[in-house]
Amino acid sequence: MATMTSRERVQCVLNGGIPDRVPYVEMGIDFPFICKLLGLDIPTGKFFDSGEYASAPIGLQKQVNELLHRDNLVYSMLPPIPAVKAAGHDNILFFADGKIKDWDDLEQLHFPDVTSEEVLAPMRRFMAERGDYATICSCRVGISATYLAVGMEHFYYTLVDKPALIEELMRRYTAYAADVVEQAAKLGFDIFWTADDIASRTSTLFSPQMFRELMAPHIRQVAERVHDMGIHWIYHSDGNLTALLEDLLDFGIRGLNPIEPMCMDIRQLKQHYGDRVVLSGNVDVHLLAHGTPEAVRETTLGLLRDVAPGGGYMLASGNSIASFCKVDCVKAMGETNDEFGHYPITI
């Protein structure tokens, strides 16, 4: 088979075909990890958003891709979230509490005009510099933005006491996401990627009934725009999504990420859903952080052997590349795929 470009490789899988090799598509990489990988000094006195939520400059992303054999670039169009953040390991910022506790607090929520030149000009520059890589426009569909803006504990109380406030937040966030979909598709992005955690290791964060009654009607607005614009949608959520998997598929998502190995069996998913959705992920972040390159290599080989045949799989971590991941372990994942991930798989 002729060698494909990274973009051709990713598009081939998303369109249901068999590429030259399994794509490696990683959306989130913490900036301190990028510095370690590239031998750069981590800026002192600076705080960084978690890699799941932000994208590095395109020049650095391309250098990362060359070393890790990654096939994508990421442009962030994440919505504003009025919240207090706290610094964790490596000065990575995490959400501590939301600022929207009642209706009057909605005045703190302001969205950028995604049709303005202020927003579109840097998106155009990014696309002009993309080269042969697949491009991801990252956003949120609105669920996680809502509970982070309210604060997790208060979110659950508000679901019962003021469900209309939750719905209003969902309405605003999904309207923004739908507008991002339209602009991303018009500019030629390959993937609309939303990061919205809706599950823990054992179950969903709310009942399926509550999801279907309060959240799904708003998410469908995004799904309809995705369908109208013809862009591929990859949905990222940690945890065990079994109870809501059919709902996500009904929205028309094209890919599911990251399929945490402690939460879902990717081999069973491939067997039961492989003809309906592209699977992405499943290399345990704990392994990437605390394991050995040899162990990462064996895990990657197992995924290539068991999940990649027939297409419909894109290699990725089981969450994101956190700042505490080992460089040699992450490189082992990409190098193993580049060596053994060529079709037909013969492991």
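As the structure is a prediction and not an experimental result, all values here were calculated from the model.

K.L.:
Looking at this structure, how should I read the overall build of the protein?
P.N.:
Each helix and strand in the protein was counted, giving 13 helices and 10 strands. Expected size for 347 residues packed as a compact globule is a radius of gyration near 20 Å; at 19 Å, the protein falls within 12% of this value. If you line up the protein on its principal axes, its C-alpha atoms span 60 × 45 × 40 Å. Considering only intrachain contacts with a sequence separation of at least 6, the fraction spanning at least 24 residues in the protein is 75%. Measuring between centres, the 30 positive side-chain charges of the protein sit 3 Å from its 47 negative side-chain charges.

K.L.:
What's the story with the pairing of strand β7 (residues 232-236) in this structure? I'm lost.
P.N.:
Each regular strand shows side chains that alternate between the opposite faces of the sheet. Most of β7 is tucked away: 5 of the 5 residues are buried. Along β7, one buried face is formed by His232, Ile234 and His236 and the opposite face, lined by Trp233 and Tyr235, is buried too. Across 5 bridges, strand β6 (residues 191-195) lies against β7 in parallel orientation. Directly across from Ala195, in β7, lies its bridge partner His236. What joins β6 to β7 is helix α8 (residues 208-229), and the crossover it makes is right-handed. Both β7 and strand β8 (residues 255-257) contribute to a ladder of 3 bridges, which runs parallel.

K.L.:
Looking at this structure, how should I read the packing of helix α12 (residues 293-306) against helix α13 (residues 327-340)?
P.N.:
If you want to describe how two helices pack, look at the angle between their axes and the distance between the axes. Packing of α12 against α13 brings their axes to within 8 Å, and their N-to-C directions diverge by 35°. The two elements α12 and α13 meet at a crossing, and its hand is right-handed. Contacts between α12 and α13 involve Pro293, Val296, Arg297, Thr300, Leu301 and Leu304 from the former and Asp328, Cys329, Ala332, Met333, Thr336, Asn337, Glu339 and Phe340 from the latter. Of the residues contributing to the contact of α12 with α13, the split by class is 8 nonpolar, 3 polar and 3 charged.

K.L.:
Any chance you could explain helix α10 (residues 266-273) here in plain terms?
P.N.:
The α-helix advances 3.6 residues per turn, and as a result positions three or four apart in sequence lie on the same side. For α10, the set of buried residues is Ile266, Leu269, Lys270 and Tyr273. Looking down the long axis of α10, one finds its buried residues gathered within 105° of arc, a one-sided arrangement. With respect to the buried face of α10, the exposed residues turned more than 90 degrees away are Gln271 and His272. With a side-chain oxygen lying 2.9 Å from the backbone nitrogen of Arg267, the N-terminal cap of α10 falls on Asp265.

K.L.:
Before we go on, may I ask you to explain the environment of Asp49 in this structure?
P.N.:
Following the sequence through the fold, Asp49 ends up in strand β1 (residues 48-49). Of the residues examined, Asp49 reaches a relative accessible area of 32% and is grouped as partly exposed. Considered as a pair, Asp49 and Leu93 are 44 residues apart in the sequence and their alpha carbons are 5.0 Å apart.

K.L.:
Could you clarify how one ought to interpret empty space enclosed by the protein in this entry?
P.N.:
It is a probe the size of a water molecule, rolled over the atoms, that shows where empty space is left. Per the counting criterion, the structure on display carries 2 cavities of 30 Å³ or more. Lining the largest cavity are 10 residues; nearest its centre among them are Met27, Ile29, Ala56, Gln61 and Arg70. A class-by-class count of the residues in the lining of the largest cavity yields 7 nonpolar, 2 polar and 1 charged.

K.L.:
Even after reading the chapter, I still don't get the side chain of Arg140, so can you show me in this structure?
P.N.:
Here Arg140 is to be found in the loop between β5 (134-139) and α5 (143-150). It turns out Arg140 is buried and unbridged, and the closest side chain with the opposite charge, Asp196, is 5.4 Å from it. Here Ser144 takes part through its side chain, which lies 2.7 Å from a polar atom of the side chain of Arg140.

K.L.:
How should the pairing of strand β3 (residues 83-87) be read in this particular structure?
P.N.:
Both β3 and strand β4 (residues 92-98) contribute to a ladder of 5 bridges, which runs antiparallel. Bridged to Val84 within β4 is Asp97. Counting the residues that bridge the hairpin from β3 to β4 gives 4 residues, and of these Asp90 lies at a positive phi of roughly 60°.

K.L.:
Sorry if this is basic, but what is going on with the nonpolar core here?
P.N.:
Soluble globular proteins: nonpolar side chains tend toward being buried together. Among the nonpolar cores identified, the biggest contains 102 residues, and Ile143, Phe192, Met215 and Trp233 are the most heavily contacted of them. The biggest single contributor to this core is helix α7 (residues 163-187), with 11 residues. Setting aside residues up to four positions removed in sequence, Trp233 forms contacts with Val141, Phe192, Thr194, Ile219, Ala223, Val226, Phe251, Ile253, Arg254 and Gly255. Ile136, Ile191, Ile234 and Val278 belong to the second-largest nonpolar core, a separate cluster that totals 13 residues.

The rules behind each value
Residues numbered from 1 in each chain as written. Predicted model: local features only at pLDDT ≥ 70, side-chain atom pairs only at ≥ 80, totals over all residues. Heavy atoms only, no water. Helix = DSSP H or I, 4+ residues; strand = E, 2+ residues; numbered from the N terminus. Rg over C-alpha atoms; globule rule 2.2 N^0.38 Å. Contact = heavy atoms within 4.5 Å. Lys, Arg positive; Asp, Glu negative; His and termini not counted. Charge placed at Lys NZ, Arg CZ, Asp CG, Glu CD. Buried < 20%, exposed > 50% of the residue type's maximum accessible area, 1.4 Å probe, protein only. Pairing = 2+ DSSP bridges. Right-handed = clockwise from strand over helix to strand, strands pointing away. Axes fitted to C-alpha atoms, helices over the stretch in contact; angles between N-to-C directions. Left-handed = near helix turned anticlockwise from the far one by under 90°. Nonpolar A, V, L, I, M, F, W, Y, C, P; charged D, E, K, R; others polar. Arc of directions from axis to C-beta. Polar contact = N/O pair within 3.5 Å; in protein donor to acceptor, adjacent residues only side chain to side chain. 1 Å grid on protein atoms, 1.4 Å probe; cavity = no way out; pocket = protein on both sides within 12 Å on 5 of 7 lines; lining within 4 Å. Points joined across faces, edges and corners; volume = space filled by probe spheres on them. Salt bridge = Lys/Arg side-chain N within 4 Å of Asp/Glu carboxyl O. Core = buried A, V, L, I, M, F, W, Y, C linked by side-chain atoms within 4.5 Å.

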